[in-house]
Amino acid sequence: MPTPITAAAPPVRPTAPSTNATRRRVALASFVGTTVEYYDFYLYATASALVFAPTFFPSVTPAVGVIASFATYGVGFVARPLGGVIAGHLGDRIGRKKLLVASLVLMGVASTLIGVVPSAATIGVGAVVALVFLRLLQGVAAGAEWGGSALLSVEHAPERHRGLFGAFTQMGSAGGMLLATGVFTLVRTLLGNEVFLAWGWRLPFLFSAVIVAVGLVIRLGVHDAPVFRELRDSGGIERFPVWQAIRRHPRAILVTAGLRLVQPALYSILTTYSLTYLGTVRGASGAAAGLQAVLIISAVSLVSTPFWGWLSDRIGRRVLTIWSAAGIAVLIWPFFAFLDAGPLVLLPLVALIGMCVFHDSIYGPQAAWFAEQFPTGRRYSGMSLGYQIGSIFSVGLTPLLAAVFVEVGGGSPWILCAYLGVYAVLSIVAAVFAVDPRAAARRAARAARSGSATSAPPRPPATPAARSR
């Protein structure tokens, strides 16, 4: 039971459910706000693959420079659980919206400052220290962002459409990558590669200040969902929601962390490491083709992500994750074979299958599925912990490990492919143990239609989300 912050809670009048207009506005705010956050976060990923090695690590070999660059990229993911813990505690106590505004401001400040950090040739090791510190701030902001944005979408949504509405938060990832890659490509094209490497790469980071202002205007116009306001007004807020989530829901946290393994690892390979790999095995034309492919798949993901969220509302979340994780484990091998020798003109199609089918079918339903593992009063804390812990070992470490694995393998990616296969197995195990209320509701409806149900159709098993209402 929740630990109330008052001895006796006053009587509370029921809060009216969200209207369709409110849901649409929240969905838009979740998409735009998360797009802005991920724009800033993914700028660093693209710069790590293309720019940071010669700018901040000029005294080492190119291979070591790439590894060092991806190491600073991974630092942001180490900080994400801290942001998740802080935002989870406060978001479960004072509301989701306030934390989303704070995270957006922090991300914008950190990203803008990255654009003015001097190079190692100017201030030496101080450049790396400043870069790592600002990346840590980005990680804290990103850790705070996702849980709150996902909950605004899911908690405002009708129960039968949580997957679809939650997917608007997930679309922000594709939107942010599309925007970040598009701005990088535009600046590189207009200025030329030499000027771009010298100082032009800073412009996309400085542009963060503008788009963060746009995101703030939209986010300030939304409010917490009725289900959370009712809990807060009834005095049911936890004193220490993070601790309660760890103590009462360890399985749910482990499940969400496990579900965050293979999908983000694939994302890192498709959008970040493949740029470096293509540049190594195919030269400048390979890296350019990789950037174009990332642009295309990011644009298509804006459509495929909500589709998979919608489909999960109808057939359940588990079946999509299991089949897609198994497909990733198998198809990653021919993917790298294609990068080695396949026609670059077909690279967007190959990357699209990996991203918009196998990746998005897992990622699209995640906001709703993770929320369904926890009750309202501990939801922000539990979701954020599981999501960010899994992200450290997947999307955070994968570019660094990929560079190391390929170096150890003598240029062959076989160790990296095997690594992804292990993550696929772990994600499948997590999917098996996760609560899936939409699948349960579908089974109950099918039983009722077949005549095997009694006069009162069986209700699906109670879930943490259902028990919290």
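These lines cover the structure that appears in this document, whether it is placed above or below. Bear in mind that the values here come from a model prediction, so they are computed numbers and not experimental data.

About the thresholds
Residues numbered from 1 in each chain as written. Predicted model: local features only at pLDDT ≥ 70, side-chain atom pairs only at ≥ 80, totals over all residues. Heavy atoms only, no water. Helix = DSSP H or I, 4+ residues; strand = E, 2+ residues; numbered from the N terminus. Rg over C-alpha atoms; globule rule 2.2 N^0.38 Å. Buried < 20%, exposed > 50% of the residue type's maximum accessible area, 1.4 Å probe, protein only. Contact = heavy atoms within 4.5 Å. Areas by Shrake-Rupley, 256 points an atom, 1.4 Å probe, with all protein chains shown as cover. Lys, Arg positive; Asp, Glu negative; His and termini not counted. Charge placed at Lys NZ, Arg CZ, Asp CG, Glu CD. Salt bridge = Lys/Arg side-chain N within 4 Å of Asp/Glu carboxyl O. Polar contact = N/O pair within 3.5 Å; in protein donor to acceptor, adjacent residues only side chain to side chain. Expected span 1.5 Å × (residues − 1). Patch = residues over 30% accessible without salt bridge, like charges linked within 9 Å, V, L, I, M, F, W, Y side chains within 5 Å. Phe/Tyr/Trp six-rings, centres within 6.5 Å; stacked < 30°, edge-to-face > 60°. Lys NZ or Arg CZ within 6 Å of the ring centre and 35° of its normal. Core = buried A, V, L, I, M, F, W, Y, C linked by side-chain atoms within 4.5 Å.

1. Remarks on the overall build of the chain
Alright, step 1. Secondary structure assignment for the chain yields 23 helices and zero strands.
Alright, step 2. For a compact globule of 469 residues, the expected C-alpha radius of gyration is about 23 Å, and the chain comes in at 22 Å, within 12% of that figure.
Alright, step 3. Projected onto its principal axes, the C-alpha positions of the chain cover 70 × 45 × 40 Å.
Alright, step 4. Within the chain, the fraction of its 469 residues that count as buried is 58%.
Alright, step 5. By sequence separation, contacts in the chain at least 24 residues apart represent 87% of the contacts at least 6 residues apart.
Alright, step 6. Entry remark: accessible area of the chain is about 18000 Å², with carbon and sulfur atoms responsible for 72%.
Alright, step 7. Charged side chains of the chain number 36 positive and 17 negative; the gap between the two group centres comes to 8 Å.

2. Notes on the pattern of salt bridges
Alright, step 1. Summed over all chains, the structure comprises four salt bridges.
Alright, step 2. With its nearest N and O atoms 3.9 Å apart, the salt bridge here joins glutamate 372 to arginine 162. With glutamate 372 in the loop between helix H18 (366-371) and helix H19 (376-396) and arginine 162 in helix H7 (residues 162-191), this pair connects stretches of sequence that are 210 residues apart.
Alright, step 3. In this structure glutamate 372 comes out as buried when scored by relative accessible area, which is 1%.
Alright, step 4. Shared partners join several salt bridges into a network, and the residues in it are Arg162, Asp313, Arg317 and Glu372.

3. Notes on the side chain of glutamine 373
Alright, step 1. Relative to the assigned elements, glutamine 373 resides in the loop between H18 and H19.
Alright, step 2. Engagement of the side chain of glutamine 373 in a polar contact is seen with the backbone oxygen of valine 435, the distance being 2.8 Å.

4. Details of helix H1 (residues 20-50)
Given 3.6 residues to a turn, an α-helix orients residues that are three or four positions apart in the same direction.
Alright, step 1. End to end, H1 covers 44 Å across 31 residues, agreeing with the expected 45 Å (1.5 Å per residue, within 8%).
Alright, step 2. Most of H1 sits out of view: 24 of its 31 residues are buried.

5. Digging into a nonpolar patch on the surface
Alright, step 1. On the surface, a cluster of nonpolar side chains totalling about 590 Å² of accessible area is made up of Val105, Val109, Leu113, Val116, Trp199, Leu203 and Leu206.
Alright, step 2. Going through the elements one at a time, helix H4 (96-114) and helix H9 (202-206) are the ones with two or more residues in the nonpolar patch.
Alright, step 3. Residue contributions to the nonpolar patch peak at three residues, all from H4.
Alright, step 4. Note on leucine 203: relative accessible area 38%, which makes it partly exposed.

6. Describing the environment of leucine 137
Alright, step 1. Of note, leucine 137 is situated in helix H6 (residues 125-156).
Alright, step 2. Taking the C-alpha atoms as reference points, leucine 137 and serine 69, separated by 68 residues in sequence, lie 17 Å from one another.
Alright, step 3. Excluding anything up to four places from it in sequence, leucine 137 contacts Leu106 and Ala110.

7. Quick notes on a positive patch on the surface
Alright, step 1. Together, Arg442, Arg443, Arg446 and Arg449 make up a region of like positive charge exposed at the surface.
Alright, step 2. Positionally, arginine 446 belongs in helix H22 (residues 437-450).

8. Notes on the packing of aromatic side chains
Alright, step 1. According to the stated counting rule, one finds 14 aromatic pairs in the structure shown.
Alright, step 2. Relative to tryptophan 201, the ring of phenylalanine 56 lies with its centre 6.1 Å away and its plane at 75 degrees, an arrangement referred to as edge-to-face. Note that phenylalanine 56 is positioned in helix H2 (residues 52-56) and tryptophan 201 in the loop between helix H8 (193-200) and H9, a separation of 145 residues in sequence. Residue phenylalanine 56 shares its accessibility class with tryptophan 201, and that shared class is buried.
Alright, step 3. Judged by centre distance (5.6 Å) and plane angle (80 degrees), the ring pair of phenylalanine 335 and phenylalanine 336 falls under edge-to-face.
Alright, step 4. Residue classification places phenylalanine 335 among the buried positions, given a relative accessible area of 9%.
Alright, step 5. Counting every residue linked through ring pairs, the aromatic cluster contains Tyr273, Tyr277, Phe335 and Phe336.
Alright, step 6. Lying across the ring of tyrosine 44, arginine 135 places its NZ or CZ 4.4 Å from the centre.
Alright, step 7. Sitting over the face of the ring of tyrosine 387, arginine 260 holds its NZ or CZ atom 3.7 Å from the ring centroid.

9. Structural notes on the side chain of serine 391
Alright, step 1. By the secondary structure assignment, serine 391 is in helix H19.
Alright, step 2. A distance of 3.0 Å separates a polar atom in the side chain of serine 391 from a polar atom in the side chain of arginine 260.
Alright, step 3. From its side chain, serine 391 meets the backbone oxygen of tyrosine 387 in a polar contact 2.8 Å long.
Alright, step 4. Apart from the residues lying within four places of it in its own chain, the contact partners of serine 391 are Phe77, Arg80, Arg260 and Gly396.

10. Quick look at the nonpolar core
Alright, step 1. In terms of nonpolar packing, the biggest core is built from 109 residues, with Phe52, Phe56, Trp146, Tyr273 and Phe336 touching the most fellow members.
Alright, step 2. Leaving out residues up to four positions away in the same chain, phenylalanine 336 has contacts with Ile269, Tyr273, Tyr277, Pro413, Leu416 and Cys417.

11. So, the environment of isoleucine 218
Alright, step 1. Tracing the backbone through its elements, the reader meets isoleucine 218 in helix H10 (residues 208-219).
Alright, step 2. Its relative accessible area of 24% is what places isoleucine 218 among the partly exposed residues.
Alright, step 3. Taking the C-alpha atoms as reference points, isoleucine 218 and alanine 144, 74 residues apart in sequence, are found 18 Å from one another.
Alright, step 4. Every residue in contact with isoleucine 218, bar those within four places of it in the chain, is listed here: Ala29 and Val32.

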